[in-house]
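Inside the fold
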Number of protein chains: 2
Amino acid sequence: MSLDRVVPHEAIVEPQARYLADLMGRGVQGTADAVVLPSTVEEVAAVVRWCYEHDVALTARGGGTGLAGGAIPVQGGIVIGFERLNGVRQFDPLLWRMHVEAGVTTADVQRLARESGLRFPPDPGAAELSQIGGNIACNAGGPHAFKYGVTGHWVTGLEAVIPPGEIVRVGGPLRKDVAGYDLKSLLVGSEGTLGLVTAAWLRLVPAPELELPVVGFYRDAEAGVSAIERVLASGVVPAAVEYLDGVTLRFSGDAYPFGVPAGAAFMVITEADGAAAEAQRVAGELREALADEAVAVHAPAEPSEVTELWRWRAGAAFAILAQRGGAYSEDIAVPLDRLRDVARETLAIGERHGVPALSFGHAGDGNIHSTFLFSPDDLDEEQRADEACHELFELALRLGGTVTGEHGIGWLKRGQLEHQLGPVGYDLHLRIKQAFDPKGLLNPGKKR
Amino acid sequence: MSLDRVVPHEAIVEPQARYLADLMGRGVQGTADAVVLPSTVEEVAAVVRWCYEHDVALTARGGGTGLAGGAIPVQGGIVIGFERLNGVRQFDPLLWRMHVEAGVTTADVQRLARESGLRFPPDPGAAELSQIGGNIACNAGGPHAFKYGVTGHWVTGLEAVIPPGEIVRVGGPLRKDVAGYDLKSLLVGSEGTLGLVTAAWLRLVPAPELELPVVGFYRDAEAGVSAIERVLASGVVPAAVEYLDGVTLRFSGDAYPFGVPAGAAFMVITEADGAAAEAQRVAGELREALADEAVAVHAPAEPSEVTELWRWRAGAAFAILAQRGGAYSEDIAVPLDRLRDVARETLAIGERHGVPALSFGHAGDGNIHSTFLFSPDDLDEEQRADEACHELFELALRLGGTVTGEHGIGWLKRGQLEHQLGPVGYDLHLRIKQAFDPKGLLNPGKKR
């Protein structure tokens, strides 16, 4: 029985290039026999059932904005996309909750919440393109995860299709549930290797009245990391604690809306949020904590300035990319006391491999985007940038951290997991994969 | 090889009654061949290995304060207690984190945090007796879970022993990690059926400067639940949203420190917290939201009064118990729009079974302690109270909820899980159990 007997003909589209890659780069493009764009969970179940009956690999993709190759169909087969499974099934603003299908973009979730005075706090990059299903599959983070937690923290229930083609619902519009094993958390972050998330119940929270960033500039990483430590010791909970190192600042600073002060070679961005008076109080504490040894402290207060600041921060990745045309930006996370090591060692690794290096990211969570640049015309340099990434992964483990804080293992970090989890943990990991997907057809080659 | 060849002789103690039961009641006491009280994770591993080699059941217990019989050794074998594995391995107040062994009491974790200006927010009952390992195994909640989340939200890493006797470490002092499947969340709430938690990395947060409860009294449940809905619609995030119904109030109201006003037959307790001005602002909003239709609103502001209020709230369970000498207090959780149904149906269920009924609990999380009273001398009444609990579980599922929001399935709710998860979800649940504990020796008969 061919696939078009189990899903409507129009749900099957040609495997165009845009369905075969994500933002990982490295020249990796997958192959697929067909791309299926189901409109209902039953169609998703039918596709999984068909793949399981015919031993065909099945790779799920959301918006395709992943950076680890998680959505690349490296072993061919079928690609399943969720762009047509994009309904808002229910929205109860007075009860702080929303039930959305996997293909709704993260920005639409955020927007819908905002229009009712609520907030869906996870704010990974590319929210306009990324889909909530993909964000759940990667347990995406973002700057405000420091105060608000990552995507999984806001998911109270999932609908998913698991092999050999069954629809399962775990949790729901419930804020507490300890009945079964935490299947919801197991599916969150599983990168499409255990099941396909088709819908989610999301928890929301009243939106803060005011967001007040406070930015400190320092002469070096040592002074900047000390400032971050003072922020943590100050007794307030910032909404975000980011850093950009000197190289990042050099490459992206021209567009910084308030002018990078002379002598600045490290930048710390914090943010206070809440009701007006509370946000101002926290911003005051942050200013004080950041001021010591600072070259300058900026505290943009106008809403338009705040938007400008975060837009610039989100654009830093593009400014970096523009430097040489190519950039591999990773997402290791380390214990907070190892931030200094990451900032310093990133540069040393770049030097050893002869590629420009820099780091920036979600400092408060210890989750740093160490980045290595290359020219796409220089295959050798690109190769060296890739090798630098692998040395970075080793660094993360040596520092007691993880090779991925928010992008996932995907295809890029294949082989790292055993190293990180150790033989006992890795064996458990494989046993769980086996329990969900005994034929190993879901996103083969990934998350391992 | 006998057990005393693999652990020190003094680690093995007689199976006294206090190691064979928890607070579930129902006259259930387990049996055990021996109780082992290891002092190191290696000793825990040796016990698990020995049990696995000899096909002996192994039941873990923390402080024994569980209400679902999760710690009762219903199939004999070995009981393992964690009271001697109670070291604080590391405490980094400036980095908001703590590494503790399973046997540290929850109150000690809270105290240690508080002494450094921090807070470990989970606040389940019996904190002086319950151990952090047991709280993790049950994913314990408490009143302040509304704002702060349940125990698992504060665990960033676990050390555990899994069959056939391996020590595994997942996560660590890391705030973000999406590398492997979420084994940490899988162990959290698994009630000792997948592995034995031996130590945990906990995340902490700066303590609020002020806690300001605001209490509303209403003439009936309808008015009280409407007040709760207004609180949610008010745009502030209370630290807690509790309710006590009219019967609860009648049984416990005499000891209420500020005097229950005449005509009050439903009580809503909310709390504002944060820096002084912010807590006062939120308390003001709460007062306003609660005032409508209220018989009275109380807003105790003195720290001693706040302590008194919460001490009284924690003692309500004992006042209830004292009424007839026996009480079965469950912990279903439902979507927030079904609170009214729970309050009403609890009374109707009690009436149908001829036992006094009442409800109170963590209303903001939809997690309600519906309770049925009996006299311990009246076996028939006790039986009817137990039957009422089972009808309550059916109610929870009919309302789209869970049979357990914070106590766990344990032994008490055996057979409920398949009903709640459905055949596909339950099959997945069993496959996960199989992946961790193929011989089914860990806490047999539980969590199913």
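Here we summarise the structure given alongside this text.

1. What to know about the overall build of chain A
What chain A contains, in helices and strands, is 12 helices and 19 strands. In terms of overall dimensions, chain A is globule-like: its C-alpha atoms have a radius of gyration of 22 Å, near the 22 Å expected for 448 residues. With respect to the principal axes defined by its C-alpha atoms, chain A has extents near 70 × 55 × 40 Å. Counting every position in chain A, which comprises 448 residues, the buried fraction comes to 63%. Considering chain A, the positive charge centre built from 39 side chains and the negative charge centre built from 59 side chains are found 3 Å apart.

2. Observations concerning unusual backbone geometry
Here the amide bond leading from A:Pro163 into A:Pro164 is cis, since omega sits at 0°, within 30 degrees of zero. Among the secondary structure elements, A:Pro164 is positioned in the loop between strand E8 (155-162) and strand E9 (166-171). If you check the backbone angles, A:Trp96 has positive phi at about 60° while not being a glycine. In this structure, B:Asn139 is a non-glycine residue whose phi angle is positive, near 50°. Structurally, B:Asn139 is set in the loop between helix H3 (132-138) and helix H4 (145-148). Residue B:Asn139 is classed as buried on the basis of its relative accessible area of 13%.

3. Considerations on the relation of the copies chain A and chain B
Copy one and copy two of the chain differ by a rotation about a common axis and a shift along it. Once turned by 180° and shifted 0.0 Å along the axis, chain A lies on chain B with an RMSD of 0.0 Å. This pairing of chains is accounted for by a two-fold axis. When the interface residues of chain A are mapped onto chain B, 100% of them again fall at the interface, so both copies present the same face.

4. Describing the interface of chain A and chain B
Counting from both sides, the interface comprises 75 residues of chain A and, opposite them, 75 residues of chain B. Roughly 6000 Å² of surface becomes buried between chain A and chain B when both sides are summed, with 67% attributable to carbon and sulfur atoms. Summed over the three residues of chain A that lose the most area to chain B, namely A:Lys176, A:Val178 and A:Tyr181, the buried surface amounts to 17% of that side. The salt bridge involving B:Glu406 is made with A:Lys176; its shortest N-O contact spans 2.7 Å. Seen at the junction of chain A and chain B, the total is 29 residue pairs in polar contact (both at pLDDT 80 or more). Mapped onto the side of chain A that touches chain B, the elements with two or more residues apiece are helix H4 (145-148), E9, helix H5 (183-187), strand E11 (205-206), helix H6 (221-233), helix H8 (276-291) and helix H12 (416-436) of chain A. The biggest single contributor to the side of chain A that touches chain B is H12(A), with 12 residues.

5. Overview of the environment of B:Leu336
Its place among the elements puts B:Leu336 in the loop between strand E17 (332-333) and helix H10 (339-353). Residues B:Leu336 and B:Gly440, spaced 104 residues apart in sequence, show a C-alpha to C-alpha distance of 36 Å. The residues contacting B:Leu336, other than those within four sequence positions of it, are A:Leu95, A:Arg97, A:Arg175, B:Leu232, B:Ala363, B:Gly364, B:Asp365 and B:Gly366.

6. Details of the sheet that holds strand E2 (residues 34-36) of chain A
Residues and elements named next belong to chain A. The strand order across the open sheet formed by four strands is E1-E2-E4-E3, and the pairing between neighbours is mixed. Of all the strands in the sheet, the pair left with one neighbour each is strand E1 (12-13) and strand E3 (58-61). As judged from the three bridges shared by E2 and strand E4 (residues 78-81), these two strands associate in the parallel manner. Bridged to Val35 within E4 is Val79. Across the sheet, helix H1 (residues 41-54) lies against E2, E3 and E4, angled at about 165° from E4, the strand it touches most.

7. Re the state of the cysteines
All names here are of chain B. Inspection of every chain in the model, using the stated rule, returns zero disulfides over all chains. Not engaged in a disulfide, the cysteine Cys138 finds its nearest cysteine sulfur in Cys389; these two sulfurs lie 17 Å apart. According to the relative accessible area criterion, Cys138 is partly exposed, its value standing at 23%.

8. Description of the pattern of salt bridges
Evaluation of the coordinates by the stated rule reveals 65 salt bridges over all chains. For A:Arg97, the salt bridge is made with A:Asp92, and the minimal N-O distance between the two is 2.9 Å. Take A:Arg97: its relative accessible area is 6%, and that puts it in the buried class. With a relative accessible area of 17%, A:Asp92 lands in the buried category. Among the ionic contacts, a cluster of salt bridges with common partners joins B:Arg338, B:Asp341, B:Arg344, B:Glu345, B:Arg352 and B:Glu391.

9. Looking at the sheet that holds strand E4 (residues 78-81) of chain B
Residues and elements named next belong to chain B. Here four strands make up an open sheet; going across it, the order is E1-E2-E4-E3 and the pairing mixed. Looking at the sheet topology across the chains shown, the edges are occupied by strand E1 (12-13) and strand E3 (58-61). Of the strand pairs in this sheet, E3 and E4 are connected by four bridges, and their pairing is parallel. Note that in E4 the partner of Thr59 across the bridge is Val79.

10. Some points on helix H9 (residues 303-324) of chain B
Residues and elements named next belong to chain B. Given a rise of 1.5 Å per residue, 22 residues ought to cover 32 Å, and the 33 Å separating the end C-alpha atoms of H9 matches this to within 8%. Within H9, the axis deviates most sharply at Gly315, by approximately 40°. Along H9, the residues classified as buried are Val306, Leu309, Trp310, Trp312, Arg313, Ala316 and Ile320. Looking at the residues trailing H9, positive phi occurs at Gly325, about 95°.

11. Examining the packing of H6(A) against H8(A)
Residue and element names in this part refer to chain A. Where H6 contacts H8, the axes come no closer than 8 Å and their chain directions differ by 145°. As H6 runs across H8, the sense of the crossing is right-handed. On the side of H6, the interface is formed by Ala227, Arg230 and Val231, while H8 contributes Leu286, Ala289 and Leu290. Among the residues forming the contact of H6 with H8, the class breakdown is five nonpolar, no polar and one charged.

Conventions we followed
Residues numbered from 1 in each chain as written. Chains lettered and ligands numbered in written order. Predicted model: local features only at pLDDT ≥ 70, side-chain atom pairs only at ≥ 80, totals over all residues. Heavy atoms only, no water. Helix = DSSP H or I, 4+ residues; strand = E, 2+ residues; numbered from the N terminus. Rg over C-alpha atoms; globule rule 2.2 N^0.38 Å. Buried < 20%, exposed > 50% of the residue type's maximum accessible area, 1.4 Å probe, protein only. Lys, Arg positive; Asp, Glu negative; His and termini not counted. Charge placed at Lys NZ, Arg CZ, Asp CG, Glu CD. Least-squares fit on C-alpha atoms with pLDDT ≥ 70 in both. Contact = heavy atoms within 4.5 Å. Buried area = accessible area lost by both parts, 1.4 Å probe. Salt bridge = Lys/Arg side-chain N within 4 Å of Asp/Glu carboxyl O. Polar contact = N/O pair within 3.5 Å; in protein donor to acceptor, adjacent residues only side chain to side chain. Pairing = 2+ DSSP bridges. Axes fitted to C-alpha atoms, helices over the stretch in contact; angles between N-to-C directions. Disulfide = S-S within 2.5 Å. Expected span 1.5 Å × (residues − 1). Bend = angle between axes of the 7 residues up to and from the residue. Left-handed = near helix turned anticlockwise from the far one by under 90°. Nonpolar A, V, L, I, M, F, W, Y, C, P; charged D, E, K, R; others polar.

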